[in-house]
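Architecture and fold: a report
So the chains spell out like this:
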Amino acid sequence: MPSQLVVVDPVTRIEGHLRIEAKTDAAGTITGASSAGTMVRGIEIILRGRDPRDAWAFAQRICGVCTLVHGIASVRTVENALNYDIPPNAQLIRNLMIAAQFVHDHVMHFYHLHALDWVDVVSALKADPGKTSALAQSISSYSKSSPGYFADQRKKLKNFVESGQLGLFANGYWGHPAYKLPPEANLLAVSHYLEALAWQREVAKLHAVFGGKNPHPNFVVGGAPCAISVHPGRKEAGVDEFNTGAGVGAGATAVNILGLELVQHVIRQMRSFVDEVYLPDTLAIAGFYKDWFTRGEGVGNFMTFGEFPQKGMNDPGSLLIPPAAILGRDLNKLHPVDLTDPAQVQEFVAHSWYDYSVGKNKGLHPYKGQTVLHYSGPKPPYEHLDTEQSYSWLKSPRWRGNPMEVGPLARVLVLYASGHEPTRELAGYALKKLDLPLPALFSTLGRTAARTLEAKIIADAMQGWYDSLMANIKNGDVRTFNDRLWDPSAWPETARGVGFTEAPRGALAHWIVIKDTKIDNYQAVVPTTWNAGPRDAAGKEGPYEASLPGTNLYDPKQPLEILRTIHSFDPCIACAVHVADPAGNELVEVKVS
Ligand code: NFE
Ligand code: MG
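As the structure is a computational prediction, the values presented were derived from the model and not from experiment.

A few words now on the packing of aromatic side chains. Scanning the model with the defined rule gives 20 aromatic pairs in all. For the ring pair W56 and F219, a centre distance of 6.4 Å and an interplane angle of 85 degrees mean the geometry is edge-to-face. Taken together, the positions of W56 in helix 1 (residues 55-59) and F219 in the loop between helix 7 (205-211) and helix 8 (239-242) put the pair 163 residues apart, joining distant regions of the chain. Pairing Y149 with F150 gives two aromatic rings, centres 5.0 Å apart and planes at 75 degrees, and the pair type is edge-to-face. For the residue pair Y149 and F150, the accessibility class agrees, reading buried in each case. Above the face of the Y416 ring, R424 is positioned so that its terminal group lies 4.4 Å from the ring centre.

Next comes the structure, spelled out in structure tokens:
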């Protein structure tokens with residue numbers, strides 16, 4: 001076949017709008033790739049001039065899939081700027097809410113966004129329910145595993161197909177020879193796809209207990225948005241009666257023992273689904289695709305900002321996931337990361353549809369971040385990306401000039417390198433089961449497996465935070481909010497700060513500059529921007545771009561292989577593209593023809 005340009009646009013089963021262009025040689029092997037965010041947004045602009053305590057509610061709307069992470073980064077940013085500490089219970093409640101987001105999002109990604117890159121839905125129709133049951137019972141003690149259960153699931157699927165509508169399974173590359181699972185494994189995975197839909201609905205209740213709702217639960221600068229009541233609630237009244245979680249400022253009703261019992265129930269549901277379904281399915285499916293542990297790596301540099309404080313965010317030693325950078329796959333050296341150092345984090349726009357007042361090739365630290373939208377070069381519409389010039393609405397963040405991968409693989413590698421015992425044990429177990437060496441993690445399926453492993457690590461940790469919260473309450477400490485700095489007259493005239501978190505897709509930070517109690521500048525640098533950004537001023541590719549070359553496409557018209565690797569990052573372009581305009585310039589006009 002001749003060499004060609006393969007365009008995937010839009011990439012589906014992600015959040016937001018992503019275009020991938022890949023060049024292939026005559027053998028169908030990718031020789032170069034470009035990643036472009038094709039929509040532009042304006043959330044940060046409306047933050048300027050507002051009360052910093054309100055920023056979380058706006059910033060949280062950057063995205064609906066990582067529903068709470070921009071809220072948490074935002075309240076931490078303000079707390080960091082004002083040197084505002086929060087009570088231990090608030091820390092524990094935030095840990096539980098963030099952890100619940102991780103486990104929920106990772107399971108959803110695996111089954112609903114990524115599984116169909118590996119699982120052929122149509123092939124599942126040929127499965128024998130008895131053999132599927134035997135397979136299920138050989139890998140897990142999950143209760144829904146009888147031949148009758150799988151016969152029912154197969155019938156459900158058959159009805160979809162026979163009605164002429166695959167419904168939510170439409171337009172897959174079914175029958176593509178890169179699908180390797182036997183029909184029984186396909187039926188098992190499709191069944192769990194459906195189970196995970198129902199499971200999601202249940203586990204989202206943890207956010208409703210502490211934050212009033214999901215998606216976009218409430219937060220508050222200075223604590224958690226729920227009081228704790230030691231008075232029993234009325235069970236027959238249902239969850240809304242005993243917790244509306246409307247937020248401290250709005251006069252919330254309190255979380256009582258019924259709400260706390262529900263949280264315990266959700267933690268159990270999360271852990272059992274991860275242990276009995278998600279982890280065994282990941283290992284079983286990965287076992288059929290071992291060649292995908294040898295490709296799709298990316299840049300070989302990894303970074304975390306850190307998450308899950310046992311004490312406070314200002315004590316990096318107390319974070320379950322430490323902040324660190326790994327360069328060139330070297331797990332023997334963890335580099336310290338300082339988000340306030342202008343020499344460390346910089347964003348470039350050399351190949352983005354933006355200009356900087358300092359010139360298009362210089363990087364800017366987020367405190368000085370700008371998005372000048374009077375970009376005069378070629379911009380959309382386009383037939384193909386102009387990769388020599390600008391080709392994305394994403395910027396290119398760099399750490400000490402290096403492109404860095406963020407996300408589950410980065411976290412698992414940092415945990416592993418820092419000697420975290422549960423991670424070492426679990427990674428060792430998974431690699432042994434798959435008969436693979438540690439470097440197999442530097443790959444497409446390594447990234448996918450790392451997401452599963454960290455879901456288990458975090459789900460397991462939830463019980464400890466829950467127990468600590470209950471112990472505090474039993475000892476009479478029910479504080480969830482610190483009002484010391486609630487009155488802005490106590491604030492300094494100017495302040496700036498950075499708030500960070502680990503979002504499911506990777507390291508996330510917001511930077512704020514406060515002047516006269518109002519927001520003067522606000523910048524978010526987001527996980528998918530790190531991973532999906534375009535080339536920088538030095539021409540270095542971002543992680544998505546670097547992950548594709550070398551991969552062979554069986555059929556360029558059905559680029560399943562591109563989807564496998566890009567989906568392994570779990571893209572969210574809604575997060576990755578957002579615009580601040582500190583100079584107050586008008587927004588660029590985007591004409592779609
Ligand atoms: Ni919109 Fe997000 C996560 C953040 S990714 S999903 O996780 O922050 O860029
Ligand atoms: Mg930004």
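Still more ground to cover, so stick around.
This paragraph deals with the coordination of the nickel atom of ligand 1. Protein coordination at the nickel atom of ligand 1 comes from C63 (SG), C572 (SG) and C575 (SG), with a distance range of 2.2 Å. The coordination sphere of the nickel atom of ligand 1 comprises 4 donor atoms, whose angles at the metal cover 104 to 121 degrees; the geometry is tetrahedral. When the donor residues of the nickel atom of ligand 1 are listed from N- to C-terminus, their spacing reads C-x508-C-x2-C. The metal-metal distance between the nickel atom of ligand 1 and the iron atom of ligand 1 is 3.0 Å, with C575 serving as a donor to both. Taking relative accessible area as the criterion, C575 reaches 3% and is therefore assigned buried.

Tallied over the entire structure, the rule returns 24 salt bridges. Among the salt bridges present, the one from D105 reaches R505, with a minimum N-O distance of 2.8 Å. Residue D105 is located in helix 3 (residues 88-114), and its partner R505 is located in the loop between strand 10 (494-503) and strand 11 (506-515); the two are separated by 400 residues in the primary sequence. Here R505 falls in the buried class, since its relative accessible area comes to 4%. Of the charged contacts, one joins R411 and E454 as a salt bridge, the two residues approaching to 2.7 Å between their closest N and O atoms. In this pair, R411 is assigned in helix 10 (residues 408-417) and E454 in helix 12 (residues 444-474), connecting sequence segments 43 residues apart. Both residues of the pair, R411 and E454, count as buried. Each of the salt bridges in this network shares a partner with another, and the network as a whole consists of R271, D275, K456 and D460.

Bringing the site of ligand 1 into the picture now. Around ligand 1 there are 14 residues in total, and C63, C66, T528, C572 and C575 lie nearest to it. At 3.1 Å from an oxygen atom of ligand 1 is found a side-chain nitrogen or oxygen belonging to H70. Between P504 and ligand 1, the recorded distance is 3.3 Å, taken from a backbone N or O atom to an oxygen atom. If you list the elements that add at least two residues to the shell around ligand 1, you get helix 2 (69-82) and helix 13 (527-532). Across the shell around ligand 1, the residue classes break down as 11 nonpolar, 2 polar and 1 charged.

Take E297: it is sitting in the loop between helix 9 (257-286) and strand 4 (302-304). At 2.6 Å, the side chain of E297 and the side chain of R329 are in polar contact. With sequence-adjacent residues up to four places away left out, E297 is seen in contact with R329, E405, F442, S443, R447 and S547.

Here the focus is the sheet that holds strand 3 (residues 30-37). A sheet is described by the order of its strands in space; here 3 strands give the open sequence 1-2-3, paired in antiparallel fashion. Each edge of the open sheet is held by one strand with a lone partner, namely strand 1 (4-8) and strand 3. Between one strand and the next, the sheet's axes are offset by a mean angle of 15 degrees, whatever the strand orientation.

As a further point, take the pairing of strand 11. With respect to burial, strand 11 is a largely interior element, 9 of its 10 residues being buried. Examined bridge by bridge, strand 10 and strand 11 share 10 bridges and lie antiparallel to one another. Within strand 11, the position partnered with E502 by the bridge is A507. From the end of strand 10 to the start of strand 11, which pair antiparallel, there are 2 residues. Where strand 11 lies against strand 12 (residues 518-525), 7 bridges are found, and the strand directions are antiparallel. Looking at the pairing, H510 lines up with A524 of strand 12. As consecutive antiparallel partners, strand 11 and strand 12 are separated by 2 residues, and within that stretch D516 has a phi angle of approximately 50 degrees, a positive value.

Glancing now at the nonpolar core. With 126 residues, the main nonpolar core has V119, L206, F210, F308, M462 and L469 as its most contacted residues. Ranked by the residues each element gives to this core, the list is headed by helix 3, at 15 residues. Both domains that furnish three or more residues to this core are identified here as domain 1 (1-64 + 302-416 + 424-431 + 484-492 + 512-593) and domain 2 (85-296 + 443-476). What F308 contacts, discounting residues up to four positions off in sequence, is N95, I98, A99, F102, S318, L319, L320, I321, I458 and W465. Core analysis: the second largest hydrophobic core is formed by 27 residues, A33, V349, Y544 and F569 among them.

This part is about the domain arrangement of the protein chain. On domain assignment, one finds that the protein chain holds domain 1 (1-64 + 302-416 + 424-431 + 484-492 + 512-593) and domain 2 (85-296 + 443-476). On a C-alpha basis, the centres of domain 1 and domain 2 stand 26 Å from each other. Listed per partner, the contact involves 41 residues of domain 1 and 50 residues of domain 2. Of the roughly 4100 Å² buried between domain 1 and domain 2 on both sides combined, carbon and sulfur atoms contribute 62%. Its largest share of buried area at the contact with domain 2, domain 1 owes to R13, F308 and R564, together 20% of the area lost on that side. The tally of links between domain 1 and domain 2 comes to 3 salt bridges. The interface formed by domain 1 and domain 2 contains 19 residue pairs in polar contact (both at pLDDT 80 or more). Contributing elements (two or more residues each) for the side of domain 1 that touches domain 2: strand 5 (307-309), helix 10, helix 11 (421-434) and helix 15 (560-568). Of the residues forming the side of domain 1 that touches domain 2, the biggest block, 7 residues, is contributed by helix 15. Broken down by class, the residue content of the side of domain 1 that touches domain 2 amounts to 19 nonpolar, 10 polar and 12 charged.

Thresholds, definitions, all that
Residues numbered from 1 in each chain as written. Chains lettered and ligands numbered in written order. Predicted model: local features only at pLDDT ≥ 70, side-chain atom pairs only at ≥ 80, totals over all residues. Heavy atoms only, no water. Phe/Tyr/Trp six-rings, centres within 6.5 Å; stacked < 30°, edge-to-face > 60°. Helix = DSSP H or I, 4+ residues; strand = E, 2+ residues; numbered from the N terminus. Buried < 20%, exposed > 50% of the residue type's maximum accessible area, 1.4 Å probe, protein only. Lys NZ or Arg CZ within 6 Å of the ring centre and 35° of its normal. Donors = N, O, S within 2.8 Å, 3.2 Å for Na, K, Ca; no water. Tetrahedral: all angles 85-135°; square planar, octahedral: opposite > 155°, others 65-115°. Salt bridge = Lys/Arg side-chain N within 4 Å of Asp/Glu carboxyl O. Near = heavy atom within 4 Å. Polar contact = N/O pair within 3.5 Å; in protein donor to acceptor, adjacent residues only side chain to side chain. Nonpolar A, V, L, I, M, F, W, Y, C, P; charged D, E, K, R; others polar. Contact = heavy atoms within 4.5 Å. Pairing = 2+ DSSP bridges. Axes fitted to C-alpha atoms, helices over the stretch in contact; angles between N-to-C directions. Core = buried A, V, L, I, M, F, W, Y, C linked by side-chain atoms within 4.5 Å. Domains from an automatic or database assignment. Buried area = accessible area lost by both parts, 1.4 Å probe.

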